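Okay, here's what each chain looks like letter by letter:
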Amino acid sequence: MNRMMVTATNTLGQLQKQMDLIGNNLSNADTTGYKKREATFSDLLVQQVNNQRVDRFESGRLTPLGVREGSGARLSKTALNLTQGTLKATGRSLDFALKDERQFFKVDDGTDVRYTRDGAFYSTPMDNGRSMLVNASGFPILDENDDPITFSSEASTFELGDNGVLSITGPEGTENVDLGIVTIARPQFLEQLGGNLIGLRTDVGVNRNEVLTNLTGAGRTGISISQESLEASNVDMGKEMTDLLNVQRSYQFQTRSITMADQMMGLVNGIR
């Protein structure tokens, strides 16, 4: 296999990953609180051949010396874009939208504490006569101490106060609970886990406290949240479709390179 085929094949695999990424963004364009991911490419190993050994013969040259031959491109990283999505009024008392792009709700998915921007919550009854605040998947919403939020099953009103305090009123009185919210400082160490949840990556040795801050006590004064509204996805359909077309064109170009290389090898092998 010649160098042209190797370069094109290496790049094809990476372009396919970018198309998968764009496809995932497009499929979540209507997902509440979804944050898109963006890809960044970098060059693979580049070899430089210096044919001219006499520097004075290169005087006045505007381009770098030598001939550089690369071996393709690779997907160097995918970054979580935390840009704020638009807010949509719902009129539902258990819908909440965070207005600070780095703040996330805390959710327990049964294995660890996860984080989400999806503020569509629900009330589900428990066996002890109380109810629990959960997300659309039935996972418990946590308070500032990582405990599930429970309240009287006969609760009739939910009112959001200052600093993310939720007042739940029923026949027995009012219960105040602190919605669990964190601030993300280093989103590059988070990964999307499905179910509109993100969590700490397991392939990097970084402490959770270096990535995010649990908002408790005086730190809760920085919470910015709105009731009876939800945050839309930050996916820009126009941009994603344009990126998809560009990637498809690049993919076609690379496959054409393989075809041309194969034709050239056929011509060489056909020479008698």
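Residues numbered from 1 in each chain as written. Predicted model: local features only at pLDDT ≥ 70, side-chain atom pairs only at ≥ 80, totals over all residues. Heavy atoms only, no water.

**A few points about the overall build of the chain**
- Regarding its fold elements, the chain presents three helices and 20 strands.
- Here the C-alpha radius of gyration of the chain, 27 Å, is well above what a compact globule of 272 residues would show, namely 19 Å.
- Principal-axis analysis of the C-alpha atoms places the extent of the chain at approximately 95 × 40 × 30 Å.
- Going through the 272 residues of the chain one by one, you find that 38% of them count as buried.
- Taking all contacts inside the chain whose residues are at least 6 apart in sequence as the whole, residues at least 24 apart take part in 65%.
- For the chain, the accessible area works out to roughly 15300 Å², and carbon and sulfur atoms hold 49% of it.
- Of note, the chain has its 27 positive side-chain charges centred 15 Å away from the centre of its 34 negative side-chain charges. (Helix = DSSP H or I, 4+ residues; strand = E, 2+ residues; numbered from the N terminus. Rg over C-alpha atoms; globule rule 2.2 N^0.38 Å. Buried < 20%, exposed > 50% of the residue type's maximum accessible area, 1.4 Å probe, protein only. Contact = heavy atoms within 4.5 Å. Areas by Shrake-Rupley, 256 points an atom, 1.4 Å probe, with all protein chains shown as cover. Lys, Arg positive; Asp, Glu negative; His and termini not counted. Charge placed at Lys NZ, Arg CZ, Asp CG, Glu CD.)

**Digging into the sheet that holds strand β10 (residues 130-134)**
- On the basis of which strands lie adjacent, the open sheet formed by three strands has the order β9-β10-β11 and antiparallel pairing. Only two strands of the sheet have a single partner each, and these edge strands are β9 (122-125) and β11 (150-152). Within the sheet, the average angular offset between the axes of one strand and its neighbour, ignoring direction, is 40°.
- Summarising the sheet, β9 and β10 pair through four bridges and their orientation is antiparallel. (Pairing = 2+ DSSP bridges. Axes fitted to C-alpha atoms, helices over the stretch in contact; angles between N-to-C directions.)

**Comments concerning the UniProt feature "domain: Flagellar hook protein FlgE/F/G-like D1" (unreviewed entry) in the chain**
- UniProt feature "domain: Flagellar hook protein FlgE/F/G-like D1" (unreviewed entry): in the numbering of this structure it lies at residues 104-167.
- Between the C-alpha atoms that bound residues 104-167 there is a distance of 20 Å. The span itself is 0% helix and 44% strand. (UniProt positions renumbered as here; feature names shortened; annotations may be inferred.)

**Comments concerning the packing of helix α1 (residues 3-27) against helix α3 (residues 237-270)**
- Their axes nearest at 9 Å, the elements α1 and α3 cross at an angle of 160°. When the axis of α1 is compared with that of α3, the two are roughly antiparallel. Relative to α3, the crossing made by α1 is left-handed. (Parallel < 35°, antiparallel > 145°, perpendicular 65-115°, else oblique. Left-handed = near helix turned anticlockwise from the far one by under 90°.)

**Examining the nonpolar core**
- If you look at the biggest cluster of nonpolar residues, it comprises 22 residues, and the most contacted ones within it are Phe96, Phe105, Leu133, Leu166, Leu179 and Ile225.
- For this core, the elements supplying multiple residues, two or more each, are β6 (96-98), β7 (103-108), β12 (157-160) and β13 (165-170).
- The contacts of Phe96, once residues within four sequence positions are left out, are Phe105, Gly119, Phe121, Leu160, Leu166, Ile225, Ser226, Gln227, Ser229 and Leu230.
- By size, the runner-up hydrophobic cluster in this structure holds 15 residues, among which are Val113, Leu142, Phe189 and Val206. (Core = buried A, V, L, I, M, F, W, Y, C linked by side-chain atoms within 4.5 Å.)

**Comments concerning the UniProt feature "domain: Flagellar basal-body/hook protein C-terminal" (unreviewed entry) in the chain**
- Mapped onto this structure's residue numbering, the UniProt feature "domain: Flagellar basal-body/hook protein C-terminal" (unreviewed entry) falls at residues 227-269.
- The distance separating the terminal C-alpha atoms of residues 227-269 is 72 Å; by composition the span is 77% helix and 9% strand.

**Quick look at the sheet that holds strand β14 (residues 173-178)**
- Reading across the sheet, the three strands line up as β12-β13-β14 and stay open at both edges, with antiparallel pairing between neighbours. Pairing within the sheet leaves two strands with one partner each, and these edge strands are β12 and β14. In this sheet, adjacent strand axes meet at a mean angle of 20° when their direction is disregarded.

**Notes on a nonpolar patch on the surface**
- Taken together, the side chains of Met4, Met260 and Met264 define a hydrophobic patch exposed on the protein surface, amounting to about 280 Å² of accessible area.
- Considering the arrangement of structural elements, one finds Met4 in helix α1. (Patch = residues over 30% accessible without salt bridge, like charges linked within 9 Å, V, L, I, M, F, W, Y side chains within 5 Å. Salt bridge = Lys/Arg side-chain N within 4 Å of Asp/Glu carboxyl O.)

**Notes on the side chain of Asn135**
- As for its placement among the helices and strands, Asn135 is situated in the loop between β10 and β11.
- Of the polar contacts made by the side chain of Asn135, one reaches the backbone nitrogen of Ser137; its length is 3.1 Å.
- Dropping the residues within four chain positions of it, Asn135 is found in contact with Val107, Ala120, Tyr122, Ile141 and Leu197. (Polar contact = N/O pair within 3.5 Å; in protein donor to acceptor, adjacent residues only side chain to side chain.)

**Details of the confidence of the model for the chain**
- Taken as a whole, the chain shows an average pLDDT of 86; of its residues, 92% reach a score of 70 or greater.
- Mean pLDDT values over the elements of the chain span from 66, in strand β3 (residues 67-70), up to 96, in β7. (pLDDT = per-residue confidence, 0-100.)

**Some points on the domain arrangement of the chain**
- Along its sequence, the chain is carved into domain 1 (1-41 + 76-81 + 236-270) and domain 2 (86-232).
- A straight line from the C-alpha centre of domain 1 to that of domain 2 covers 37 Å.
- Where domain 1 packs against domain 2, one counts one salt bridge.
- Of the charged contacts in the structure, one is a salt bridge between Lys35 and Glu231, with a shortest N-O distance of 2.6 Å.
- Across the side of domain 1 that touches domain 2, the residue classes break down as two nonpolar, four polar and two charged. (Domains from an automatic or database assignment. Nonpolar A, V, L, I, M, F, W, Y, C, P; charged D, E, K, R; others polar.)

**Some details on the side chain of Ser229**
- With respect to the helices and strands, the residue Ser229 is situated in strand β20 (residues 229-231).
- For Ser229, a relative accessible area of 6% gives the class buried.
- Those residues within four positions of Ser229 in sequence are excluded, and the remaining contacts are Lys88, Ala89, Thr90, Asp95, Phe96 and Ala97.

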